[in-house]
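Structure assessment
Now for the letters of each chain:
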Amino acid sequence: MTAAFLVWYLLYVVLSGFARDFMGIKVLGNINVALIFGVLQFVSTFGIAWAYARHAEKKLDPIADEIRHEIEGRPE
Amino acid sequence: MSSEALSTVLFLLFVAATLGITFWASRQTKTAADYYAGGRSFSGAQNGLAIGGDYMSAASFLGIAGLIALYGYDGFLYSIGFLVAWLVALLLVAELMRNSGKFTMADVLAFRMSPRPVRTAAGVSTITVSIFYLLAQMVGAGALVGLLLGIEGPAAKAWTIVAVGILMIVYVVVGGMKGTTWVQIVKAVLLMGGATLVTLLVLGKYGFNLSSLMGEAAAQSSNPTTYTGGGGRYATEAQGLAGKLDLISLGLALVLGTAGLPHILIRFYTVPTAKDARKSVLWGIGIIGTFYLLTLVLGFGAAALVGSKTIAAQDAAGNTAAPQLAQAIGQAIFGEVGGTILLAIIAAVAFATILAVVAGLTLASSSSFAHDLYAHVFKRGDVTEKEEVLVARISAFVIGAVSIGLGILAQGQNVAFLVALAFAVAASGNLPAILYSLFWKRFNTAGAVAAIYGGLVSALVLVIFSPVVSGKATSLFPDANFAWFPLSNPGLVSIPIGFLAGWIGTKLSKEYNAAKYAEIEVRSLTGVGAEKAAEH
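Basis of the calculations
Residues numbered from 1 in each chain as written. Chains lettered and ligands numbered in written order. Predicted model: local features only at pLDDT ≥ 70, side-chain atom pairs only at ≥ 80, totals over all residues. Heavy atoms only, no water. Helix = DSSP H or I, 4+ residues; strand = E, 2+ residues; numbered from the N terminus. Rg over C-alpha atoms; globule rule 2.2 N^0.38 Å. Axes fitted to C-alpha atoms, helices over the stretch in contact; angles between N-to-C directions. Parallel < 35°, antiparallel > 145°, perpendicular 65-115°, else oblique. Left-handed = near helix turned anticlockwise from the far one by under 90°. Contact = heavy atoms within 4.5 Å. Nonpolar A, V, L, I, M, F, W, Y, C, P; charged D, E, K, R; others polar. UniProt positions renumbered as here; feature names shortened; annotations may be inferred. Patch = residues over 30% accessible without salt bridge, like charges linked within 9 Å, V, L, I, M, F, W, Y side chains within 5 Å. Areas by Shrake-Rupley, 256 points an atom, 1.4 Å probe, with all protein chains shown as cover. Salt bridge = Lys/Arg side-chain N within 4 Å of Asp/Glu carboxyl O. Buried < 20%, exposed > 50% of the residue type's maximum accessible area, 1.4 Å probe, protein only. Buried area = accessible area lost by both parts, 1.4 Å probe. Polar contact = N/O pair within 3.5 Å; in protein donor to acceptor, adjacent residues only side chain to side chain. Lys, Arg positive; Asp, Glu negative; His and termini not counted. Bend = angle between axes of the 7 residues up to and from the residue. Core = buried A, V, L, I, M, F, W, Y, C linked by side-chain atoms within 4.5 Å.

In the annotation of an unreviewed UniProt entry, chain B is listed under the name Cation acetate symporter and assigned to Planobispora rosea.

The name given to chain A in an unreviewed UniProt entry is DUF485 domain-containing protein, with Planobispora rosea as the source organism.

Looking at the overall build of chain A
Per the secondary structure count, chain A includes 3 helices and 2 strands. N-terminal to C-terminal, the α/β element order of chain A is α-α-β-β-α. For chain A, whose C-alpha radius of gyration is 20 Å, the value lies well above the compact-globule estimate of 11 Å for 76 residues. For chain A, the C-alpha atoms occupy an extent of roughly 60 × 25 × 10 Å along the three principal directions.

A word on the packing of helix H1 (residues 3-27) of chain B against helix H15 (residues 321-378) of chain B
All names here are of chain B. Where H1 meets H15, the axes come as close as 8 Å, and the angle between the chain directions of the two elements is 40 degrees. One way to sum up the angle between H1 and H15 is to call them oblique. As H1 packs across H15, the resulting crossing turns out to be right-handed. Residue-level inspection shows Ser3, Leu6, Ser7, Leu10, Phe11, Phe14 and Val15 of H1 in contact with H15, the latter providing Thr340, Ile341, Leu343, Ala344, Ile345, Ala347, Ala348, Phe351, Ala352 and Leu355. Classifying every residue of the contact of H1 with H15 gives 14 nonpolar, 3 polar and no charged.

Remarks on the packing of helix H1 (residues 2-18) of chain A against helix H5 (residues 73-100) of chain B
Put simply, H1 of chain A and H5 of chain B touch, their axes get as near as 11 Å, and they point 170 degrees apart. Considered as vectors, H1 of chain A and H5 of chain B are oriented roughly antiparallel to each other. In this structure, H1 of chain A uses Thr2, Phe5, Leu6, Tyr9, Tyr12 and Ser16 of chain A to contact H5 of chain B, whose residues at the interface are Tyr73, Phe76, Leu77, Ile80, Gly81, Val84, Leu87, Val88, Leu91 and Leu92 of chain B. Classifying every residue of the contact of H1 of chain A with H5 of chain B gives 13 nonpolar, 3 polar and no charged.

Here's the deal with the UniProt feature "transmembrane region" (unreviewed entry) in chain A
When the UniProt feature table is mapped to this numbering, "transmembrane region" (unreviewed entry) covers residues 29-53 of chain A. From the first C-alpha to the last, residues 29-53 of chain A spans 36 Å; its make-up is 84% helix and 8% strand.

Concerning a nonpolar patch on the surface
Residue and element names in this part refer to chain B. A cluster of nonpolar side chains, contributed by Leu390, Ile394, Phe397, Val398, Val402, Leu406 and Leu409, occupies part of the molecular surface with about 670 Å² of accessible area. For leucine 406, the location among the structural elements is in helix H16 (residues 385-409). For leucine 406, a relative accessible area of 33% puts it in the partly exposed group.

Examining the interface of chain A and chain B
Counting residues at the interface gives 39 residues for chain A, matched by 51 residues for chain B. Overall, the association of chain A and chain B removes approximately 3800 Å² of surface from exposure, summing both partners, and the carbon and sulfur fraction of that is 74%. Looking only at chain A, the three residues that lose the most surface to chain B are Tyr9, Arg20 and Phe42 of chain A, adding up to 19% of its buried area. If you look at where chain A meets chain B, you find 4 salt bridges. Across the pair glutamate 72 of chain A and lysine 532 of chain B runs a salt bridge, and its minimum N-O distance is 3.8 Å. Counting across the chain A and chain B interface gives 10 residue pairs in polar contact (both at pLDDT 80 or more).

Here's the deal with the side chain of arginine 112 of chain B
All names here are of chain B. Mapped onto the elements, arginine 112 comes out in the loop between helix H6 (105-109) and helix H7 (115-148). An unpaired buried charge is present at arginine 112: no salt bridge exists, and glutamate 511, the closest side chain of opposite charge, is 7.8 Å distant. Separated by 3.2 Å, the side chain of arginine 112 and the backbone oxygen of tyrosine 436 make a polar contact. Beyond its immediate chain neighbours, meaning those up to four positions away, arginine 112 contacts Tyr436, Ser437, Trp440, Lys441, Phe443, Glu511, Lys516, Tyr517 and Ile520.

Quick notes on helix H3 (residues 33-72) of chain A
By the largest-angle criterion, leucine 60 of chain A marks the main kink of H3 of chain A, which is about 45 degrees, and a proline, proline 62 of chain A, follows within four residues. Positive phi shows up at glycine 73 of chain A, right after H3 of chain A, with a value of about 80 degrees.

Observations regarding the nonpolar core
Residue and element names in this part refer to chain B. Tyr55, Phe61, Trp86 and Phe268 are the most contacted members of the largest nonpolar core, which has 196 residues in total. By residue number, the principal contributor to this core is H15, which donates 25 residues. When residues no more than four places from it in sequence are discounted, the contact partners of phenylalanine 268 are Ile51, Trp86, Ala89, Val93, Ala94, Arg98, Ala277 and Val281.

This is how it looks when you write it as structure tokens:
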């Protein structure tokens, strides 16, 4: 997951440097691919953060809590 | 009342309020856990705000708004790196650090290694990164006051640096982590409030139509094509391939550096559990992300309503774009009084922003000196809590005084590169060591020391021999030319060197402690034996 978002981010940076014509294509009025791609990075960041929070709460926390209680020997 | 007078009054109100908070916090600061980690009693939301307050510096607010105002898209690029970086902190670092460390980054690294060499290396790296960052902020403070209060001359700016320095020393020495955190929380609220207000006014003026705002901004800029498509400031056509590689280098340093910044890492220790550390990063991402979206509108608004010529005339780097916009939009909607008031508010917020960040940096570096270098390396752990906290306070004073002095000396220099360098060192020296420590069983002391010094030294050396220091009109030494390294940001090279050095150092040493790795794995993932919140 970490590798994935880093690749996605680096793709964005590389395209910004090397694919200027593509990034300059206007999509909605003055708003071009570059801006949309940039805002998508924001969206994906929020999305990944939210997805991780849910995953951690549902899957990771119960296991961690159980192991911790077992080792520390008392419920909290 | 002039806007200068009003903004001074507002700023003094902020100072009075935060000093009050600091003295209140000092009465609650009794133990080392209180001083270093605020008693670990901050909630996820509070810490998230503090993270925002600690991270969103004047460089973020004024610098990025200015970059977007003058160059458009290239400025936006910058802010994206600053935000995406937090995913690295969220997914790989925050919770694991909270569970395996006590007060500093070095606590985690020293867990399964031979403590003294690792703590020395981590302490050196922490103090280096923090001082670079701190120096840049101090010089920025002097320049900023000059611009916003219309004060001219090096003497006035020097006094500003002294004033900022004294305040930050008081926050840290008297208030410790509790006081500093509250200052950052207050600043974050003010910054978000001020930025949101101006953003809404600007959007309102353009009928909430981002496209027309952007079009107007581009039309007012000096180069509409690069304004919307990129290449106006970074990776310009004139810079060719080196410029594009530099952009990637910068992008890497930003995205990987945040999770290695010491003043950010210590934030994770101020909450009761790892889950709260996670919550605080989630809050931080929400706040910081929203903020950077706001700066996009602020930048466009400044370009459209003030114009790049007017902005550049006031400050070539664009640092006054946001306040100039505040005045312009205030005037446009509420008349001249409105313009004065809004300008004063934004200027006061900018001063508050600097104060909160420098306090955090001073706390991080002095804590590392006292806890890592003094208590564990020099005194080999034979030191009482009281003594350690006293040393922490003294070193905060010393570091503060040194940065005041250096800030005055470095006045007028273009020190933006210091922040980029801080990120590069954090990404090359700190992050590899942290990640290897938490995730690589074979990692050992030699590897940790090699990773930290390898990353730190390679970043420093490459910057010294880059166009930042010599060879160009904007360099530190414009008349000399020893710049054989073509990139202004060393990240692309120094970050892999950091990881490589860590790997080589580990393989060359026979040290291998699988049991200790198993222990840190369990502790970091489950929270067994983690430092608990203090009872009062």
